[in-house]
Amino acid sequence: SGCGKTTLLRLICGLYQGYEGNLEVLGCPVATTPLAELRSGIAVVSQEPSLFRGTIAENVRYGKLDATDSQVEQALRDARLWDFVETLEDGMHTQIGDGGSRLSGGQRQRIAIARALVRNAGLIILDEASSALDTKTEGEIQQTMDEAFRDKTVLVIAHRFTAVAHMDRVYC
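(A) Spotlight on the sheet that holds strand 4 (residues 123-127). Across the sheet, which stays open at both edges, the three strands sit in the order 3-4-5 with parallel pairing between neighbours. At either margin of the open sheet sits one strand with a lone partner, and together these are strand 3 (42-45) and strand 5 (153-157). Ignoring which end each strand starts from, the neighbouring axes of this sheet average 15 degrees apart. Direction of pairing for strand 3 relative to strand 4: parallel, over a ladder of four bridges. Each bridged residue has a counterpart across the sheet, and for Val-44 the counterpart in strand 4 is Ile-125. Sitting on the sheet, helix 6 (residues 105-119) is in contact with strand 3 and strand 4, with an inclination near 170 degrees to strand 3.

This is how it looks when you write it as structure tokens:
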């Protein structure tokens, strides 16, 4: 706590201006790159994901507005949510309520992970992204993310060691 994880996240996303020094994200200087351009290369999965009134597919597609149904389905499969989605009468076209109120915390986080997967951004930021998942599901999703994000830069902010144990570099 208090070591600057949130500050770093906000700097990377261009939320803070007027700081000293240089910060580059994906080869772009944060201070001079237009925010829309900077953020187009970033996907963030937070501890409390923002979901919207609408369907599961619409919430995943928010990561990439022109994603096809097959891309959304694959992202849901990779996020280990497809087995649940298939049990729903309307499948991925099921309404989830305001903020995903009809879903569990783990299901909401997996939709946010699917959103990041479908976005296919160069930088993936996982901010306590597995905190609402049980250990088994966390392990399954971690394996998927290792494959899906193989050619990406992934910044993981976590308190649980299991979330970062397999990373190339860990900073405490």
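(B) Looking closely at the packing of helix 6 against helix 7 (residues 135-148). Contact geometry of helix 6 with helix 7 gives a least axis separation of 12 Å together with a crossing angle of 5 degrees. Between helix 6 and helix 7, the interaxial angle falls into the category roughly parallel. Contact residues: Arg-110, Ile-113 and Leu-117 in helix 6; Thr-137, Ile-141, Met-145 and Ala-148 in helix 7. Split into classes, the residues belonging to the contact of helix 6 with helix 7 amount to five nonpolar, one polar and one charged.

Definitions and limits used
Residues numbered from 1 in each chain as written. Predicted model: local features only at pLDDT ≥ 70, side-chain atom pairs only at ≥ 80, totals over all residues. Heavy atoms only, no water. Pairing = 2+ DSSP bridges. Helix = DSSP H or I, 4+ residues; strand = E, 2+ residues; numbered from the N terminus. Axes fitted to C-alpha atoms, helices over the stretch in contact; angles between N-to-C directions. Contact = heavy atoms within 4.5 Å. Parallel < 35°, antiparallel > 145°, perpendicular 65-115°, else oblique. Nonpolar A, V, L, I, M, F, W, Y, C, P; charged D, E, K, R; others polar.

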